[in-house]
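Single-letter residue listing:
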Amino acid sequence: MRETRSDGELLRAVAADGDRRAFEELHRRYAPWLTARLRGRCSDAGVVDDVVQETFLAVWRGSARYRKDGDVAGWLWRIGSRRLIDELRGDGARGRLRQALARLRHRDEASAEERVLAGVEHGDLAGALIRLSPELRAVLQATVIDGLTTREAAVLLGIPPGTVKTRALRARKQLREELA
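Rules of the game
- Residues numbered from 1 in each chain as written.
- Predicted model: local features only at pLDDT ≥ 70, side-chain atom pairs only at ≥ 80, totals over all residues.
- Heavy atoms only, no water.
- Helix = DSSP H or I, 4+ residues; strand = E, 2+ residues; numbered from the N terminus.
- Expected span 1.5 Å × (residues − 1).
- Bend = angle between axes of the 7 residues up to and from the residue.
- Buried < 20%, exposed > 50% of the residue type's maximum accessible area, 1.4 Å probe, protein only.
- Polar contact = N/O pair within 3.5 Å; in protein donor to acceptor, adjacent residues only side chain to side chain.
- pLDDT = per-residue confidence, 0-100.
- Phe/Tyr/Trp six-rings, centres within 6.5 Å; stacked < 30°, edge-to-face > 60°.
- Contact = heavy atoms within 4.5 Å.

Trainee: Looking at this structure, I do not really get helix 2 (residues 20-39). What am I missing?
Mentor: Residues spaced three or four apart along an α-helix face the same direction, because each turn holds 3.6 residues. In this model, helix 2 (20 residues) spans 27 Å end to end at C-alpha, consistent with the 28 Å of a helix rising 1.5 Å per residue. At Tyr30, helix 2 is bent by approximately 40°, the largest bend along its length, and proline Pro32 sits one to four residues beyond. Here helix 2 has its buried residues at Ala22, Phe23, Leu26, Tyr30, Ala31, Leu34, Thr35 and Leu38. You can read the cap of helix 2 off the contacts: a side-chain oxygen lies 3.0 Å from the backbone nitrogen of Arg21, and it is on Asp19.

Take a look at the structure:
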């Protein structure tokens, strides 16, 4: 019976020998996990599938370098998340994202994110969040709830990073004033 190889052993086999079985095992271990994480950042399943494929292609080609002492999952996440941001920066992806956001803005039913924001029950935070303009609320959602960096939020929202920072400051100031 063959022992299960560690992630590091699999990566070394892929890098040194182009070991297809090692690569397939690595893909089986991490592709579903990476797909699930990326779908938390992008609702377009086609884009996510492409990014997962590009991530593992970079591993296979050796263009992504693994440090022998690092966490494989974290390393794959960094590659995948960067590739997702690169994909979202493209005009095609950006246009699709803007269309999806525009459809959400014009629906009568509140989005899941808006329901979460409105459902906060401590103090008058829910009311204060509802009173924020949609632009300020979107920046808070992207940076606080989704945990995106300023740069990532800028790509997602289609605005400059400086605007993300300014809106985040304005939103926090407004919330402080209303909750004081």
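Trainee: What is the right way to look at the confidence of the model for the protein chain in this model?
Mentor: Should the pLDDT be low somewhere, the predicted coordinates at that spot are not to be read in detail. Averaged over the protein chain, the pLDDT score is 78; the fraction of residues at 70 or greater is 75%. Element-level pLDDT for the protein chain is lowest in helix 6 (residues 112-118), with a mean of 50, against a maximum mean of 92 in helix 2.

Trainee: Got a minute to help me understand the packing of aromatic side chains in this structure?
Mentor: What characterises a pair of aromatic rings is the spacing of the ring centres plus the angle enclosed by the ring planes. Under the defined criterion, the tally for this structure stands at three aromatic pairs. Consider the rings of Phe23 and Phe56, whose centres lie 6.3 Å apart with planes at 80°: the pair is edge-to-face. Residue Phe23 is located in helix 2, and its partner Phe56 is located in helix 3 (residues 45-61); the two are separated by 33 residues in the primary sequence. Side by side, Phe23 and Phe56 carry an identical accessibility label, which is buried. Summarising the aromatic geometry, the rings of Tyr30 and Trp33 are spaced 6.2 Å apart at their centres and angled 80° between planes, so their arrangement reads as edge-to-face. On the criterion of helical spacing, the pair formed by Tyr30 and Trp33 is a turn pair, its members being three residues apart in helix 2. Accessibility expressed as a relative area gives 13% for Tyr30, which makes it buried. Taking relative accessible area as the criterion, Trp33 reaches 30% and is therefore assigned partly exposed. Linked through ring pairs, Phe23, Phe56 and Trp60 together constitute an aromatic cluster.

Trainee: Can you help me understand helix 8 (residues 134-145) in this one?
Mentor: Among the residues of helix 8, Leu136, Arg137, Val139, Leu140, Gln141, Ala142 and Thr143 are the ones counted as buried. Following helix 8 by one or two positions, Gly147 adopts a phi angle in the positive range, close to 70°.

Trainee: Explanation requested: the side chain of Thr35 in the structure shown.
Mentor: Tracing the chain through its elements places Thr35 in helix 2. One polar contact links the side chain of Thr35 to the main-chain carbonyl oxygen of Ala31, over a distance of 2.8 Å. Those residues in contact with Thr35 that sit more than four places away from it in its chain are Val48, Asp49 and Val52.

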